[in-house]
Amino acid sequence: MNRREALQRTALALGYAVTGPALIGMLNGCKAAPELNYTPQFFTPEQALLIAELAEVLVPKTDTPGAKDAGVPAFIDGILKEVYPQADKDRFTKGLTDFDEEAKKTYGEPFATCSTDEKIALVKKHHEDALSKSSGGGSVGWWRAGSDGGKPFILEMKELTLLGFFTSQAGATQVLQYNQVPGPYKGCVPLAEVGKAWAT
Amino acid sequence: MNLNIEAQKQNTYDAIVVGTGISGGWAAKELTEKGLKTLVLERGRDVKHQVDYPTMTKDPWQLPHGNKLTEEELKFYPVQSRTYWVNQANKHWWVNDLENPYTEVKPFDWIRGYHAGGRSLMWGKQTYRLSDLDFESNAKDGVGIDWPIRYKDLAPWYDYVESYIGVSGQAEGIPHLPDGKFLPPMELNCVEEVFRDKLSEKFGRKLTIGRVAHLTAPLPHDPSRGVCQSRNMCDRGCPYGAYFSSNASTLPAAMKTGNMTLRPHSIVHSVIYDEQKRKAIGVRVLDANTKEEIEFFAKVIFLNASALGSTFVLLNSISSSHPQGLGNNSGHLGHYLMDHQYRTGAEADVEGFEDKYYIGRRPNGIYIPRFRNIGNDKRTDYIRGFGYQGGASRESWARGVAEMSFGADLKKSLENPGPWKIGITGFGECLPYYENKVTINADKKDIYGLPTLNIDAEWKENEKAMRKDMKESAAEMLEGAGFKNVRTYDVADNMGLGIHEMGTARMGKDQKTSVLNKWNQVHDAPNVFVTDGACMTSSACQNPSLTYMALTARAADYAVSELKKGNLK
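Since we're looking at a predicted model, the values are computed, not measured.

Points about the overall build of chain A
Then, number 1: Looking only at helices and strands, one finds nine helices and one strand in chain A.
Then, number 2: Along its sequence from the N terminus, chain A presents helices and strands in the succession α-α-α-α-α-α-α-α-β-α.
Then, number 3: Here chain A holds 200 residues, and 50% of them are scored as buried.
Then, number 4: Accessible surface, chain A: about 9,200 Å² in total, of which carbon and sulfur atoms supply 53%.

Next comes the structure, spelled out in structure tokens:
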């Protein structure tokens, strides 16, 4: 089974018709074509690729695992499918589509297949714009995020990525530190003795 | 006829306890340890310590969706989810609101857990004594009715309960927040220590580590319970039994006596009143599984079904002698519903201490005892007062959303703990008002066909004036202590959200104006005791569970001694 067949089978299994330009775009992407390491339940394959690549830009693999290693794309797919009410699903999907349209307009191809520099530039533009509009750069809220309809796509995506990443085993234990059973609380310890931030 | 007598004999015990939460567990333990064959009726399923805590050792990545409920799951919890606290790790401890309806005449959040252990599995564990400032307050202020007891009546029972459950805390010598039998206190962190010192220096006010029902040292009398490991996953059930719950402590103790029969899925909907004998003789149970009606009989009945649960049972116990419900000859049953108001206060940034951190997730915070309307600190705009709970901590990775960086830079910066923040939220007393009440709604039935409750209660002027001060004083203290960028908040809350609902079957000296006497006996049916939150004559501002437990142990002791004297037949 070649890649084209694999994609089509996945698409059929999910009930999506991936044909024509979209499929060609995925197959022929100018750069190394990104691949999904999970089967999306909510996103279309194109949307899922964007989410995965965008999550990886927000939290990339460095000397420690990145968003894709940590399973963040599947996490976001699950949240969209199971947790988000329909209105939030629609709003998020529209944000995603608009974001991708801008990538196509600016760079001539979908975000997922843009070069790393192009991806970072586009994220930077959206991210700076969104934060400058949030009230004084202060907290933009966490748990209520996405429920009021007022959140720019890029920040909602950043929230979901950080949540998925730092509640993952890789994020919690390899980037931060985690101990389920810390033992009696010690209230005032030199940071140097503790090391990195606690995941929770 | 013979068959009926045989059935009645089989279903007869020395005592019946209705409910297994924080007070029901205590009633079960005390009555069984004193030798009474006791039937303990729980409306929900059984929950065995450790065995039935499905999420107790799950790591964050083992919980779906970052611990958030799915949209489908959330549909079961339209009321419970108002706490913003129902999640994947604890969802099995909250009632299904669709199956357990009530009517909010005014908005009221009725937060419940229907299973063995009840809310003792999910409680906040904050454990404070009331004092004579509280017991005398109604009489002094001319509000409501006087408590029929004083601190000296309850003090030995506070000692008794604290010694058994294990309470960690710091003795402070504060007259209106009496010290207890404390295990070693948990530690304050570096910033909280500074706040404590500044509060003392600038305001002459105390700050102490929260007094909590967590073991910070082993309990010699109960080696099955272990010391707190600072997991702060308490609401899932603790594998160490480090915090007090009925499941980890009182129910196993009752079971060990061999005198307890615990019957789950047993919904008690009324007390049986025998018109010939002129007394309560048992309870009627609807078996939640079989829908069968069963009667159980006993000499002594303890109602510990939670404040509104026990009041429902009494209101629903209609007989020709008690057409308005058992205990309602006064007409006061169901009235004077109270709660604690909170979710208002302030938070601030803390400069410095970047080189300091902590180890462990302390399931506790700081406590600032009440200072208003004590001594010379008199308010003209409201009576009574409030305490503060809160704490300082360093910001987590969640701060990253609002940071200007992303990618490798953000990832690197989040490896370090964020800046320190500090916050306090007030817990304010609520006065007893006749108009704040619950009544039976015969028109709206639950899934078992039982009538439901109408809840009609609201905060009034005294609470509103106090609330304003709760917010402003929080900011004043944080600012006075030198913290920066102080922000107040007031997340307007419905009554009920304090999850300290109480009153509705209050204790009093006069049976014309109260439901219970000073031993928690129903005036009209002295072999029926109500020792949960329903009995409270005023609310004070302290977390109330310890007081329910102490009142229960005291009432059980009295009940057994009265039985032995032949005064309860």
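On we go.
Re the overall build of chain B
Then, number 1: Within chain B one finds twelve helices and 20 strands.
Then, number 2: On C-alpha atoms alone, chain B measures out to a radius of gyration of 24 Å, which is about the 25 Å that the 2.2 N^0.38 rule sets for 569 residues.
Then, number 3: Principal-axis analysis of the C-alpha atoms gives chain B an extent of 85 × 55 × 50 Å.
Then, number 4: Among the 569 residues that make up chain B, the fraction classed as buried is 63%.
Then, number 5: When contacts within chain B are restricted to residue pairs at least 6 apart in sequence, long-range pairs at least 24 apart make up 72% of them.

Observations regarding the state of the cysteines
Residues and elements named next belong to chain B.
Then, number 1: Tallied over the entire structure, the rule returns one disulfide over all chains.
Then, number 2: In this structure C228 is not part of a disulfide, and its nearest cysteine sulfur, from C234, lies 6.4 Å away.
Then, number 3: Looking at C430, it has no disulfide partner, and the nearest cysteine sulfur is the one in C541, 12 Å off.
Then, number 4: Given a relative accessible area of 0%, C430 falls into the buried group.

Remarks on the environment of R236(B)
All names here are of chain B.
Then, number 1: The topology assignment puts R236 in the loop between β6 (208–209) and α8 (246–256).
Then, number 2: On a C-alpha basis, the gap between R236 and Q88 in space is 9.8 Å, while along the polypeptide they are 148 residues apart.
Then, number 3: In terms of polar contacts, R236 uses its side chain to reach the backbone carbonyl oxygen of K58, at 2.8 Å.

Re the confidence of the model for chain A
Residues and elements named next belong to chain A.
Then, number 1: For chain A, per-residue confidence averages 83 on the pLDDT scale, and residues scoring 70 or more make up 76% of the total.
Then, number 2: Throughout residues 1–30 the model reports pLDDT below 50, and contacts reaching past four residues in sequence, or to other chains, amount to 34 contacts.
Then, number 3: Predicted confidence for residues 136–149 stays below pLDDT 50, and this span has 31 contacts to residues more than four positions away or in other chains.

A closer look at the domain arrangement of chain B
Many authors give the size of an interface as the accessible area that is lost as the parts come together.
Residues and elements named next belong to chain B.
Then, number 1: Domain annotation for chain B reports domain 1 (1–166 + 244–335 + 501–569) and domain 2 (171–216 + 341–428 + 459–494).
Then, number 2: Distance between the C-alpha centres of domain 1 and domain 2: 32 Å.
Then, number 3: Around 2,300 Å² of area is buried between domain 1 and domain 2 when both sides are counted, 52% of it from carbon and sulfur atoms.
Then, number 4: Contact with domain 2 buries surface across domain 1, with Y128, L133 and C541 losing the most and accounting together for 26% of the total.
Then, number 5: At the boundary of domain 1 and domain 2, one finds one salt bridge.
Then, number 6: Taking the shortest distance from any N to any O, the salt bridge between D141 and R384 comes out at 2.6 Å.
Then, number 7: At the boundary of domain 1 and domain 2, one finds 14 residue pairs in polar contact (both at pLDDT 80 or more).
Then, number 8: At the level of secondary structure, the elements contributing two or more residues to the side of domain 1 that touches domain 2 comprise α4 (132–135), α5 (137–141) and α6 (151–165).

Observations concerning the side chain of K411(B)
Then, number 1: By the secondary structure assignment, K411(B) is in helix α10 (residues 408–413).
Then, number 2: Within the buried set, K411(B) has no salt-bridge partner at all; the shortest N-O distance to an opposite charge, 5.7 Å, is to D63(A).
Then, number 3: A distance of 2.8 Å separates a polar atom in the side chain of K411(B) from the backbone oxygen of P65(A).
Then, number 4: If we ignore the near neighbours within four places in the chain, the residues touching K411(B) are V59(A), P60(A), K61(A), T62(A), T64(A), P65(A), G66(A), F165(A) and V175(A).

Remarks on the side chain of S319(B)
Then, number 1: Structurally, S319(B) can be placed in the loop between α9 (307–315) and β11 (344–350).
Then, number 2: In contact with S319(B), not counting residues within four places along its chain, are Y273(B) and E275(B).

How each quantity is defined
- Counting restarts for each chain, with residues numbered from 1 along the sequence as it is written.
- Following the order in which they are written, the chains are lettered starting with A and the ligands numbered starting with 1.
- At least 70 in pLDDT is required for a residue's local features to be given in this predicted model, at least 80 for side-chain atom pairs to be given and counted, and no such filter applies to totals for whole chains, interfaces and linings, which use all residues.
- Computation of side-chain values: all heavy atoms of the structure, hydrogens and water removed.
- Only DSSP runs of H or I with at least four residues qualify as helices, and only runs of E with at least two residues qualify as strands; both kinds are numbered from the N terminus onward.
- Exposure categories follow from relative accessible area, calculated using a 1.4 Å probe and restricted to protein chains: below 20% of the type maximum is buried, above 50% is exposed, and the middle band is partly exposed.
- Each accessible area is a Shrake-Rupley result for a 1.4 Å probe, and residues are judged covered by the shown protein chains and nothing else.
- Only the C-alpha atoms count toward the radius of gyration. The rule for a globule is 2.2 Å times the residue count to the power 0.38.
- In what follows, residue pairs with any heavy atoms lying within 4.5 Å of each other are defined as contacts.
- Note on terminology: pairs of cysteine sulfur atoms within 2.5 Å are recorded as disulfides.
- In protein, a polar contact means a hydrogen-donor-capable atom and an acceptor-capable atom, both N or O and within 3.5 Å, with residues adjacent in sequence counting only if both atoms are side-chain atoms; elsewhere, any N or O pair within 3.5 Å suffices.
- By definition, pLDDT measures how confident the predictor is in each residue, and it falls between 0 and 100.
- Where each domain starts and ends comes from a domain assignment, either automatic or drawn from a database.
- Values labelled buried area give the accessible surface lost by two parts on being combined, using a 1.4 Å probe and summing over both.
- In what follows, salt bridge is the name for a side-chain nitrogen of Lys or Arg lying within 4 Å of a carboxyl oxygen of Asp or Glu.
- Positive charges are assigned to Lys and Arg, negative charges to Asp and Glu, while His and the chain termini are left out of the count.

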